[in-house]
Amino acid sequence: MGALDYLSNFFSATSTRSRSRRRPMQTVEIKVKMDCDGCERRVKNSVKSMKGVKSVEVNRKQSRVTVSGNVDPNKVLKNVKSTGKRAEFWPYIPYNLVSYPYVTQAYDKRAPAGHVKNVVQAVAAHNTTDERITHLFSDDNPNACSIM
């Protein structure tokens, strides 16, 4: 928000109403199966016409639509579904962010290259401090304690 936007909040004609807060800038990723240019154009136009949308990126090969702006994720999903396509929030996360990528529910053959499904079993537990401490004194760690 620039200085002019800040000052315009004070001098606006609608100051008698309660001020609505702006939605934070966020990125919404949606999985939509698109077969042709017409499907891609229909999905892109349905989302681009929404209020607060800054950019729309469509990747037909990955069946992914990325929307950036001050938008509500559920409204974006609803607009994409209104085109007649089956849509869901992007269920995949990058492979390198997961501790156990070959857990039964995480590995998916249909996932794009370098991605696995986002499931609870694949993410490491928060109490992995024991592993970090043992790694400090491991022979595999080049920066391990050399006093031993």
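Details of the structure are given in the entry above.
Notes on the structure in this doc start here. (Residues numbered from 1 in each chain as written. Predicted model: local features only at pLDDT ≥ 70, side-chain atom pairs only at ≥ 80, totals over all residues. Heavy atoms only, no water.)

1. Digging into the overall build of the protein chain
Next, step 1: Of the regular secondary structure elements, the protein chain holds four helices and six strands.
Next, step 2: Ordered by position from the N terminus, the helices and strands of the protein chain form the series α-β-α-β-β-α-β-β-β-α.
Next, step 3: Looking at the protein chain as a whole, 28% of its 148 residues are labelled buried.
Next, step 4: When contacts within the protein chain are restricted to residue pairs at least 6 apart in sequence, those whose partners lie at least 24 apart make up 53%.
Next, step 5: Accessible area for the protein chain stands at about 11,300 Å²; split by element, carbon and sulfur atoms hold 51% of it. (Helix = DSSP H or I, 4+ residues; strand = E, 2+ residues; numbered from the N terminus. Buried < 20%, exposed > 50% of the residue type's maximum accessible area, 1.4 Å probe, protein only. Contact = heavy atoms within 4.5 Å. Areas by Shrake-Rupley, 256 points an atom, 1.4 Å probe, with all protein chains shown as cover.)

2. Focus: a nonpolar patch on the surface
Next, step 1: On the surface, a cluster of nonpolar side chains totalling about 380 Å² of accessible area is made up of Tyr95, Tyr102 and Tyr107.
Next, step 2: Mapped onto the secondary structure, Tyr95 falls in the loop between β5 (92-94) and β6 (115-117).
Next, step 3: You can call Tyr95 partly exposed: its relative accessible area is 36%. (Patch = residues over 30% accessible without salt bridge, like charges linked within 9 Å, V, L, I, M, F, W, Y side chains within 5 Å. Salt bridge = Lys/Arg side-chain N within 4 Å of Asp/Glu carboxyl O.)

3. Digging into the pairing of strand β1 (residues 26-32)
Next, step 1: Strand direction decides the pairing type here: β1 and strand β3 (residues 64-69), joined by six bridges, are antiparallel. Residue pairing across strands places Val28 opposite Val67, the latter belonging to β3.
Next, step 2: Of the pairings in the sheet, the one linking β1 to strand β4 (residues 87-89) comprises three bridges and is antiparallel in character. Note that in β4 the partner of Ile30 across the bridge is Phe89. (Pairing = 2+ DSSP bridges.)

4. Re the pattern of salt bridges
Next, step 1: Overall, the coordinates contain three salt bridges when judged by the stated rule.
Next, step 2: For Arg64, the salt bridge is made with Glu29, and the minimal N-O distance between the two is 3.8 Å. A residue pair is termed long-range when its members are at least 10 positions apart, and Arg64 in strand β3 and Glu29 in strand β1 qualify at 35 residues.
Next, step 3: The residue Asp37 makes a salt bridge to Arg60 at a minimum N-O spacing of 2.3 Å. Here Arg60 lies in the loop between β2 (53-59) and β3 and Asp37 lies in helix α2 (residues 37-48), a separation of 23 residues in the sequence.
Next, step 4: By relative accessible area, Arg60 is classed as partly exposed at 30%.
Next, step 5: One connected set of salt bridges, linked through shared partners, spans Asp37, Glu40 and Arg60.

5. Brief notes about the sheet that holds β4
Next, step 1: The four strands are arranged β2-β3-β1-β4 in an open sheet whose pairing can be described as antiparallel. Of all strands in the sheet, those with a lone pairing partner are β2 and β4, marking the two edges. Here the average twist between neighbouring strands, direction ignored, is 25°. (Axes fitted to C-alpha atoms, helices over the stretch in contact; angles between N-to-C directions.)

6. Looking at α2
Next, step 1: Across its 12 residues, α2 extends 16 Å between first and last C-alpha, which sits within 8% of the 16 Å expected from 1.5 Å per residue.
Next, step 2: Along α2, the residues classified as buried are Cys39, Val43, Ser46 and Val47. Projected down its long axis, α2 shows its buried positions confined to an angular sector of 95°, all on one face.
Next, step 3: Elements that come into contact with the buried residues of α2 comprise β1, β2, β3 and α3 (73-81). (Expected span 1.5 Å × (residues − 1). Arc of directions from axis to C-beta.)

7. A word on the nonpolar core
Next, step 1: In terms of nonpolar packing, the biggest core is built from 17 residues, with Ile30, Val32, Val65, Val67, Val76 and Val80 touching the most fellow members.
Next, step 2: Breaking this core down by element, the ones donating at least two residues are β1, α2, β2, β3 and α3. (Core = buried A, V, L, I, M, F, W, Y, C linked by side-chain atoms within 4.5 Å.)

8. Here we look at the packing of aromatic side chains
Each aromatic ring pair is characterised by the separation of its centres together with the angle its planes make.
Next, step 1: Under the counting rule described, the total for this entry stands at one aromatic pair.
Next, step 2: For the ring pair Trp90 and Tyr92, a centre distance of 5.3 Å and an interplane angle of 80° mean the geometry is edge-to-face. There is no split in this pair, since Trp90 and Tyr92 are both buried.
Next, step 3: Sitting above the plane of the Trp90 ring, Arg64 keeps its charged end 4.2 Å from the centroid. (Phe/Tyr/Trp six-rings, centres within 6.5 Å; stacked < 30°, edge-to-face > 60°. Lys NZ or Arg CZ within 6 Å of the ring centre and 35° of its normal.)

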